[in-house]
Amino acid sequence: MSRLEAKKPPLFISKPLTRDAVSQSLSLLSGILKSSYGPAGRLKQLHNGVGGCVCTTSQSSALLGHLSVSQPVLRVLTASVRNHVSRFSDCGLFTAILCCGFIENFRSLSVTPFTVIEISKYLLSLCMDHLKSEACGCRVSVDFSSVETLVCLVRSILTSKPACMLNKTEVDHLTSLVLKAFIFTVPCHAERNAVLGKCVVVPVKGRRVEDSTVLPGLLIETPEIQLGKPLAVKRTGSNIIRIALFNVSMSGDGFNPEEGTIAVHHGVSLEESELNQLLNLGKQLVKDEVGLVVCQKVMHPSLKQYLKENGVVAVDRAGLSLMEPLGRMTGSQPIASIHSLSPGCYGSLKDLCIESFASKQFLHLIPEDTVICSLILCNRSETAWDELKRVCETAEHVLQLTVKEPWALLGGGCTETHLASYIRHKSSGLPASTFKELGCSQTQYQLVAEGFCRSLESVARSLSHDGEEILTDMVYGHCWIVPSGSPCVSEWSDLVSRCGCGMNGNTEELSWRFLQGQSGSPVIQACPKEPSVKVSDLLTLDCFAAKCSGLQVALETANLILDLSCIIEDQN
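Here the residue numbers are simple positions, counted from 1 along each chain's written sequence. This being a predicted model, a pLDDT of at least 70 is required before a residue's local features are given, and a value of 80 or more before pairs of side-chain atoms are given or counted; all residues contribute to the totals for chains, interfaces and linings. No hydrogens and no water enter the side-chain calculation; it runs on all heavy atoms of the structure.

1. Let's talk about the pairing of strand β13 (residues 360-366)
Burial classification: accessible surface area is computed with a 1.4 Å probe over protein chains only, and a residue below 20% of its type maximum counts as buried, one above 50% as exposed, and the rest as partly exposed. Only runs of H or I of at least four residues qualify as helices and only runs of E of at least two qualify as strands under DSSP, and these elements are numbered from the N terminus. The buried fraction of β13 is high, at 5 of 7 residues. Where strand β7 (residues 218-221) meets β13, 4 bridges bridge the pair, whose relative direction is antiparallel. Across the sheet, Ile220 pairs through a bridge with Leu363, a residue of β13. For two strands to pair, DSSP has to find at least two bridges joining them. Where strand β12 (residues 351-357) and β13 come together, 7 bridges link them in antiparallel fashion. Counterpart to Asp351 in the pairing with β13 is Ile366. Where β12 folds back on β13, the antiparallel hairpin that results is connected by 2 residues, among which Ala358 adopts a positive phi of roughly 55 degrees.

2. Some remarks on the sheet that holds strand β9 (residues 290-295)
Overall, mixed pairing links the 4 strands, which are arranged β10-β9-β8-β11 in an open sheet. The strands lining the two open edges of the sheet, one partner per strand, are β10 (313-315) and β11 (347-349). Taking the axes of each pair of neighbouring strands and ignoring which way they run, one obtains an average angle of 25 degrees across the sheet. Where β9 and β10 come together, 3 bridges link them in parallel fashion. By the bridge assignment, Leu292 is partnered in β10 with Val313. Any two residues whose heavy atoms approach within 4.5 Å at even a single point are treated as in contact. All axes are obtained by fitting lines to C-alpha atoms, using only the stretch in contact for helices, and the reported angles, taken between N-to-C directions, cover 0 to 180 degrees. Contacting β8 (241-246), β9 and β11, helix α10 (residues 323-330) runs over the sheet at an angle of about 150 degrees to β8.

3. As for unusual backbone geometry
With phi around 65 degrees, Asn239 is a residue other than glycine that occupies positive phi space. Secondary-structure assignment places Asn239 in the loop between β7 and β8. For Asn239, a relative accessible area of 51% gives the class exposed. A positive phi angle, close to 55 degrees, is found at Arg317, a residue other than glycine. In this fold, Arg317 is placed in the loop between β10 and α10. Residue Arg317 is classed as exposed on the basis of its relative accessible area of 58%.

4. Overview of the environment of Gly505
Mapped onto the secondary structure, Gly505 falls in the loop between β17 (479-482) and β18 (512-514). With a relative accessible area of 15%, Gly505 lands in the buried category. Here the alpha-carbon distance between Gly505 and Trp480, two residues 25 residues apart in the chain, equals 9.9 Å. If near-sequence neighbours (up to four positions away) are discounted, Gly505 is found in contact with Trp480, Ser497, Arg498 and Leu510.

5. Re the packing of aromatic side chains
Working definition: rings of Phe, Tyr and Trp (its six-membered ring) pair if their centres are within 6.5 Å, and the pair is stacked with planes under 30 degrees apart, edge-to-face with planes over 60 apart, and tilted otherwise. What the rule picks out here adds up to 7 aromatic pairs. Ring geometry for Phe102 versus Phe452: centroids 5.2 Å apart, planes at 40 degrees, classification tilted. Of this pair, Phe102 sits in helix α4 (residues 92-107) while Phe452 is found in helix α14 (residues 442-461), placing the two residues 350 residues apart along the sequence. Pair check on accessibility: Phe102 and Phe452 agree, each one buried.

6. Examining the pattern of salt bridges
A side chain with one charge can pair with a side chain of the opposite charge if their charged atoms come near. For salt bridges, the criterion is a side-chain nitrogen of Lys or Arg within 4 Å of an Asp or Glu carboxyl oxygen. On inspection of all chains with the given rule, the structure shows 21 salt bridges. For the salt bridge of Lys168 with Asp172, the shortest nitrogen-to-oxygen distance reads 3.0 Å. One end of the pair is Lys168 and the other is Asp172, both in helix α7 (residues 168-184) and 4 residues apart, which spans about a single turn. You can call Lys168 exposed: its relative accessible area is 63%. The closest approach of N and O atoms between Arg235 and Asp351, which form a salt bridge, is 2.7 Å. Placement of Arg235 in the loop between β7 and β8 and of Asp351 in strand β12 is noted, with a sequence separation of 116 residues between them. Overall, Arg235 belongs to the partly exposed group, its relative accessible area being 28%.

7. Details of the sheet that holds strand β6 (residues 213-216)
Taken in spatial order, the 3 strands make up an open sheet running β5-β14-β6, and their pairing is mixed. The outermost strands of the open sheet, each flanked by one partner alone, are β5 (198-205) and β6. Across the sheet, the axes of successive neighbouring strands diverge by a mean angle of 25 degrees, strand direction being ignored. Strand direction decides the pairing type here: β6 and strand β14 (residues 372-379), joined by 4 bridges, are antiparallel.

8. Some details on the pairing of strand β16 (residues 469-473)
Summarising burial for β16: 4 of the 5 residues are buried, a large majority. For β16 and β17, the ladder comprises 4 bridges, and the chain directions are antiparallel. Bridging across to β17, Thr472 finds its partner in Cys479. Connecting β16 to the antiparallel partner β17 that follows it, the hairpin turn spans 5 residues, and Gly477 within it adopts a positive phi of roughly 70 degrees. Here β16 pairs with β18 via 3 bridges, running antiparallel. The partner of Asp473 across the bridge, within β18, is Trp512.

Written as structure tokens, this is what we have:
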């Protein structure tokens, strides 16, 4: 008889942020994230140590998905950031770095967590009100009647991930493809509750990026169809192709022994009965003038042969991922039974043809009204393709979010430094009534406000990976990067040409200062001005919705962690 082990009492960890193990883990995670940030971010290679695939990336969704985090505090942080990324696809590293910055800057203050939380929430409201105001100097309006700003937005996303290994020509080609694919998904007929379509990525690895292309409709890989032969397909009297979509197995082995027993009369073959049922289904499909049958699972060879002989194209093993866009594109209802059909379950197609890419053959389903398209995405290696797929999906999602909120925020660290300048300006002349409402002293407010600004600036400083100096100007509050190894000069304007986002040049008289680290006296400066120029071919932009959400998520998560007084861990 085995011995029973006595239950261990739970482990109580009081004031977890004061523990060295938590501080070291937080510092390590922050270092990993900061070193991955921006177009020059360092790649990380992640694997589980016991075999399996290796992931090379600098993207937050892949990084946080593969990292094993044991500290409860860091689990809260990573779960919060991953939830943000699942909703917005973008600004994951920004959110995580900013959250780490808030925790590191706030926990060292001699201010109670409750007071820090109240003041930081007030500062967040100042940021959000400023970002949503017409006078905001780091917000750009997105005009969908022109592609200039959209091109900048997509290009900024594509160039932010070095693991894609793209040159300028490839970036330009993919930018146009992503925009073209997005336009395909916009309904042609404006409706009150219009829903955007979907772009399905088709993988072609080992080919040049320039071979990538976009086609309206869907591609289904069909290696058994020969490329040279013409595709004979049955059409209805109105010259459309009727389609039936099955999400149930059509292999003839519908009986599952695990579901129970079945009584069969003597001399009756269960397999033959199933096949007859399938052939009767095929006759009904032919009678209903169906020209294309797509099955999510396996189709019996005899049924496929019968349909082929009667001018019906049959495709099986389509997979679950294609069922939703197929149904949406064709208007067909997935059929879950082989025993009954209703005329209302069929959909329609405009045309059907065979396409060939690399060594693969595809059946190209061309719809009447295009809201579903296929992006044939090529890259030289599997690692680069995986990263590129994630980036293209992020770009598509960002464009969809921009339809709802047609603005973009300046990238290249300029939004962060601009907000820091704005908060310092707003905090310099507050009335005593504000401190009373917040329940704090002026000194406490200034300490928290400076920690808030340093946290924003720490994100901009994360863009430096090779010893570059990071500056901010005292007029617009933008971020400027001085290349490493630059000679000592009396004027910074001799070393910098444009700010991080590309909006401002050094043509006018500007004064700069270094972005501060963890120490140094607070800087009081005037309210940052709004730049006179709004659009540039080289503008670096960020998603408005994703960055606003990231700012909120970062502070709320940091405040939650700062407010933790005890962690209780079950030891059993």
